[in-house]
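# Understanding the architecture of this molecule
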Amino acid sequence: MKRLILASLLFLIWTVLFAIIWFQNLALQGAMMIGLVVGSFIFLGARRLVGQMKLLLPFVGMLAIIYLGFILIGIDPSGQGSTEYWLAYGLPRMLLLINAILAFRLCFAMISFEEILRSGISIHRLKYVILGKILFDAATHSYAEIRMWQGMMPSMQRGSSGVKDRFFRALSVTLALILYIMAEAEMKGERIDNLIMQCHLKQVRNKDLTDSGDKQ
């Protein structure tokens, strides 16, 4: 329980510093990303780091392409140049996305999932931890499978490798992954709620039987 509190406190401090106070400081965000990648390599291992980056890069790449599109179209809400605006707007958010995931993984690497389950947290709060673990594992393992199935589609076997084709392929994989995770979240969330309800009803029945037995 102490390590869970410490991990939560560390991530909260990191969030306040890098997601609020130093959000627009690209130098610090970039240095933090390098530090988190090195830390993840040391404490989590190369395999888990590569898997994490493979999961993140499609989302980061999609954001980068969207911001680049806004620059090419010339959308400029600030009136000071679309390139300057979207670089200042997009880079901190892309760095924050990468840094937040890596920081969360590092902060909670000190405790195992089993320790969280035994920490004494209320089941109504613990269910979100369980669901998050299930969805993270599903996203990690399903991305490569989605790409494999996409590559088997006849329309994807034409051999074209232009920028436009690559963009739409990456976009379709990312959207498929998002839809899959949303469906899993709904299905697994309902199943967890149902299990909690059934366990609660079982405890109530056992308590009633115990009380009736004591009265007799």
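Please refer to the structure placed before this passage.
Note that the structure is predicted; figures quoted are calculated from it, not measured.

### Considerations on the pattern of salt bridges
One pass over the structure, following the stated rule, counts 1 salt bridge. When the shortest N-O distance is used, the salt bridge between Lys-188 and Glu-184 registers 2.8 Å. In this pair, Lys-188 and Glu-184 both sit in helix α7 (residues 163-215), 4 residues apart, roughly one turn of the helix. Glu-184 shares its class with Lys-188; the two are buried.

### Let's talk about the side chain of Ser-82
Examined against the element boundaries, Ser-82 turns out to sit in helix α4 (residues 82-107). We classify Ser-82 as buried; its relative accessible area is 14%. Within polar-contact distance, the side chain of Ser-82 engages the backbone oxygen of Ile-71 at 3.4 Å. Aside from chain neighbours lying at most four places away, what touches Ser-82 is Phe-70, Ile-71, Gly-74, Ile-75 and Asp-76.

### Quick word on the side chain of Asn-99
You can see Asn-99 is positioned in helix α4. Every residue in contact with Asn-99, bar those within four places of it in the chain, is listed here: Trp-14, Gln-29, Met-32, Met-33 and Leu-36.

### So, the packing of helix α3 (residues 46-73) against α4
At a minimum axis separation of 10 Å, α3 and α4 run at an interaxial angle of 165°. In terms of axis orientation, α3 runs roughly antiparallel to α4. Both α3 and α4 take part in a crossing whose hand is right-handed. Together, Arg-48, Leu-49, Gln-52, Met-53, Leu-56, Phe-59, Val-60, Leu-63, Ala-64, Tyr-67, Phe-70 and Ile-71 of α3 and Ser-82, Thr-83, Trp-86, Tyr-89, Gly-90, Arg-93, Met-94, Leu-97, Ile-98, Ile-101, Leu-102 and Arg-105 of α4 make up the contact between the two elements.

### Topic: a nonpolar patch on the surface
There is a patch of nonpolar side chains on the surface, built from Leu-9, Leu-12, Ile-13, Val-16, Ile-20, Ile-21, Trp-22 and Leu-28 and spanning about 710 Å² of accessible area. With respect to the helices and strands, Val-16 occurs in helix α1 (residues 2-21).

### Structural notes on the nonpolar core
The biggest cluster of nonpolar side chains holds 19 residues, and the ones touching the most others in it are Trp-14, Met-32, Leu-36, Met-53, Ile-98 and Leu-102. Looking at this core, the elements with two or more residues in it are α1, α2 (26-43), α3 and α4. Examining the composition of this core, we find that 7 residues originate from one element, α4, more than from any other. With residues near it in sequence (within four places) discarded, Met-53 still touches Ile-98 and Leu-102. Counting residues in hydrophobic clusters, the runner-up holds 6 residues, among them Leu-55, Ala-139, Val-173 and Leu-177.

Definitions and limits used
Each residue is numbered by its place in its chain's sequence as written, counting from 1. Selection of residues for local features in this predicted model requires a pLDDT of at least 70, selection of side-chain atom pairs for listing and counting requires 80 or more, and totals for whole chains, interfaces and linings are taken over all residues. Processing note: side-chain calculations cover all non-hydrogen atoms of the structure and skip hydrogens and water entirely. Criterion for a salt bridge: a side-chain nitrogen of Lys or Arg within 4 Å of a carboxyl oxygen of Asp or Glu. In this text, helices come from DSSP runs of H or I with a minimum length of four residues, and strands from runs of E with a minimum of two, each type numbered from the N-terminal end. Buried means the residue's accessible area, taken with a 1.4 Å probe over protein chains only, is under 20% of the maximum for its type, while exposed means over 50%, and partly exposed covers the values in between. Think of a polar contact as two N or O atoms within 3.5 Å of one another; within protein, one of them needs to be a possible hydrogen donor and the other a possible acceptor, and neighboring residues in sequence only count if both atoms come from side chains. Any two residues having at least one pair of non-hydrogen atoms within 4.5 Å are treated as being in contact. An axis is simply a line fitted to the C-alpha atoms; with a helix, the fit covers only the stretch in contact. Between two such axes, the angle follows the N-to-C directions and lies from 0 to 180 degrees. In what follows, roughly perpendicular refers to angles from 65 to 115 degrees, roughly parallel to angles under 35, roughly antiparallel to angles over 145, and oblique to any angle outside these ranges. With the far helix as reference, a near helix turned anticlockwise by less than a right angle produces a left-handed crossing, and one turned clockwise produces a right-handed crossing. Patch membership needs two things, relative accessible area over 30% and no salt bridge, and members are linked within 9 Å if like-charged or within 5 Å if nonpolar (Val, Leu, Ile, Met, Phe, Trp, Tyr). All accessible areas in this document rest on Shrake-Rupley with a 1.4 Å probe, and a residue is counted as covered only by the protein chains that are shown. Each nonpolar core is a collection of buried residues, namely Ala, Val, Leu, Ile, Met, Phe, Trp, Tyr and Cys, held together in the definition by side-chain atoms within 4.5 Å.

Don't take any of this as a statement about function, it's just geometry.
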